[in-house]
Amino acid sequence: MFTRLAHVCIGATDLAASERFYVDQLGMEKAFDFIRAGQRIGFYVKAGETTFIEVFAESAAPNDERPAIKHFCLEVADIEQTITALTARGITVEPKKMGADNNWQAWLTDPSGLRIELMQYSENSAQFTGKPVILD
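None of these values were measured; they are calculated from a predicted model.

1. Notes on empty space enclosed by the protein
So, step 1. A complete count under the given rule lists one cavity of 30 Å³ or more for this structure.
So, step 2. Roughly 40 Å³ of internal volume is contained in the largest cavity.
So, step 3. Together, Gly11, Glu58, Ala60, Ala61, Pro62, Arg66, Pro67, Ala68 and Lys70 line the largest cavity.

2. What about the pattern of salt bridges?
So, step 1. Evaluated as defined, the whole model comprises ten salt bridges.
So, step 2. The salt bridge involving aspartate 33 is made with lysine 30; its shortest N-O contact spans 2.9 Å.
So, step 3. With a relative accessible area of 29%, lysine 30 lands in the partly exposed category.
So, step 4. One salt bridge in this structure joins arginine 40 and aspartate 33, with 3.3 Å as the shortest N-O distance.
So, step 5. Via salt bridges that share partners, Glu19, Lys30, Asp33 and Arg40 belong to a single interconnected network.

3. Here's the deal with helix H2 (residues 79-88)
So, step 1. When we look at burial in H2, the residues that qualify are Ile79, Thr82, Ile83 and Leu86. The buried side chains of H2 occupy one side of the element, clustering within an arc of 100° when seen end-on. Those residues of H2 that are exposed and angled more than 90 degrees off the buried face are Gln81, Thr84 and Ala88.
So, step 2. Tucked inside the fold, the buried residues of H2 contact strand E1 (2-12), strand E5 (69-76), strand E7 (104-109) and strand E8 (115-120).
So, step 3. Residue aspartate 78 occupies the N-cap position of H2, its side-chain oxygen lying 3.1 Å from the main-chain nitrogen of glutamate 80.

What counts and how
Residues numbered from 1 in each chain as written. Predicted model: local features only at pLDDT ≥ 70, side-chain atom pairs only at ≥ 80, totals over all residues. Heavy atoms only, no water. 1 Å grid on protein atoms, 1.4 Å probe; cavity = no way out; pocket = protein on both sides within 12 Å on 5 of 7 lines; lining within 4 Å. Points joined across faces, edges and corners; volume = space filled by probe spheres on them. Salt bridge = Lys/Arg side-chain N within 4 Å of Asp/Glu carboxyl O. Buried < 20%, exposed > 50% of the residue type's maximum accessible area, 1.4 Å probe, protein only. Helix = DSSP H or I, 4+ residues; strand = E, 2+ residues; numbered from the N terminus. Arc of directions from axis to C-beta. Contact = heavy atoms within 4.5 Å. Polar contact = N/O pair within 3.5 Å; in protein donor to acceptor, adjacent residues only side chain to side chain.

Below is the structure:
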């Protein structure tokens with residue numbers, strides 16, 4: 001059902017410093033940016049074939065109410081089949097939707113309140129095209 005860890009989403013109080021760290025210092029390849037109202041608010045870096053770190057700008061340092069890790073994402077081969085199987089096991093899964101990055105996604109929450117994204121890549125996925133994702 002699950003293919004691999006697709007990405008981990010983290011918050012960054014200094015987006016430029018975070019990009020320098022992941023790209024220049026760790027040597028990861030930047031995949032694409034997130035743009036909202038003409039401003040860059042985040043980016044993706046490659047952490048393996050189709051595994052990424054998703055970084056979004058945060059205005060304040062992490063704390064208990066605003067943790068640094070926002071969610072993690074599991075890649076699935078067939079999102080419909082996964083939703084059906086998880087629902088049959090009593091797990092509440094939100095309806096699938098097409099994300100801004102051109103991937104199917106659905107969301108659930110673990111018992112501790114951590115959000116988990118399920119994602120099925122599409123052929124137009126920003127993760128493959130590298131095109132910026134414009135958020136409205």
